[in-house]
Amino acid sequence: MSFTFHCLDIPDVVVVRPTAHTDGRGSFVETYRRSAFVAAGIDAVFVQDNRVRSGSGVLRGLHFQRSPAAQGKLIQVLWGAVFDVAVDLRRGSPWYGRWLGHELTAESGEMLWVPPGFAHGYAVLGEGADVGYKVTAEYDPSLDAGVCWDDAELAVRWPYANPIVSARDRALPPLADCEAAE
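About the criteria used
- Residues numbered from 1 in each chain as written.
- Predicted model: local features only at pLDDT ≥ 70, side-chain atom pairs only at ≥ 80, totals over all residues.
- Heavy atoms only, no water.
- Helix = DSSP H or I, 4+ residues; strand = E, 2+ residues; numbered from the N terminus.
- Buried < 20%, exposed > 50% of the residue type's maximum accessible area, 1.4 Å probe, protein only.
- Contact = heavy atoms within 4.5 Å.
- Areas by Shrake-Rupley, 256 points an atom, 1.4 Å probe, with all protein chains shown as cover.
- Lys, Arg positive; Asp, Glu negative; His and termini not counted.
- Charge placed at Lys NZ, Arg CZ, Asp CG, Glu CD.
- Salt bridge = Lys/Arg side-chain N within 4 Å of Asp/Glu carboxyl O.
- Polar contact = N/O pair within 3.5 Å; in protein donor to acceptor, adjacent residues only side chain to side chain.

S.K.: If you had to explain the overall build of the chain to someone new, which residues and values would you point to?
M.R.: Helix and strand counts for the chain come out as 2 helices and 11 strands. N-terminal to C-terminal, the α/β element order of the chain is β-β-β-β-α-β-β-β-β-β-β-β-α. The 182 residues of the chain split such that 50% are buried. A separation threshold of at least 6 residues defines the contact pool for the chain, and within that pool the share at least 24 residues apart is 78%. For the chain, the exposed area adds up to about 8900 Å²; of that, 50% sits on carbon and sulfur atoms. Positive and negative charge centroids in the chain, built from 16 and 23 side chains respectively, lie 3 Å apart.

Next up, the structure:
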C-alpha cells in the first residue's frame, strides 16, 4: 500500500504517511489516491488546493469555515517544518474544545487530515515553511471564521510564546464566543 493511516487522540484527525520509493535518481511519492483514502475512512472530495509560504516565527490560525461550506483539509509541508494544530469545534462531540498538535516536516512527508468541524492552525518551526493543503469546499469569505490562537480556555501549547500573528488572527474571538464550525 502507498499509505499508512494513523488516528491521533481525536480519532477523526489522521496522520497520513505516504511511502517513498527511492533509487539512485531520487525519489517518488504518491501524495493522494482516492481509493486508498476511502478505504481508510476518509471519503473526502477535494475541490481546491492552496499553498502558503511563511517565515520564521509565524503562527497562522486558528481558522475554519462555517457550514454550509465547512472545509476538511489535507495538510502537507512542502519545505521546512510546522507544529500543526487542530481544535474540535463540533458541538456534541466528546472532544469538543480539545486540541491536538502534530509536527509536520517536508522531510517526513507526513500529511494531516483535519475533517470539517475543526479549527486549524500552525506555527512555523525553523527558518520558514511552505505548506500545501487540499480542501473539501471552496473558500467563501462570508463563512470565514476562527478562534483566537492564544485562548486561555483552549491552552494550546505552541512551541514559542511571542509568534508573528496577523492583525486578523489577533482579533479572532475566544472559543466561548465562537460560532459553530459545522
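From this point on, the discussion continues.
S.K.: So what's going on with the pattern of salt bridges? Residues and values would help.
M.R.: The tally for this structure, following the rule as stated, stands at 11 salt bridges. Of the charged contacts in the structure, one is a salt bridge between Arg17 and Glu110, with a shortest N-O distance of 2.6 Å. With Arg17 in strand β2 (residues 14-18) and Glu110 in the loop between β8 (99-105) and β9 (111-114), the pair connects residues that are 93 residues apart, well separated along the chain. Asp169 serves as the salt-bridge partner of Arg168, at 3.0 Å between the closest nitrogen and oxygen. With relative accessibility at 3%, the residue Asp169 sits in the buried group. A single salt-bridge network, built from bridges that share partners, covers Asp12, Asp88 and Arg90.

S.K.: Give me the lowdown on the side chain of Ser93, citing residues and values where you can.
M.R.: Residue position: Ser93 is located in the loop between β7 (73-88) and β8. Here the side chain of Ser93 touches Asp88 through a polar contact of 2.6 Å, side chain to side chain.

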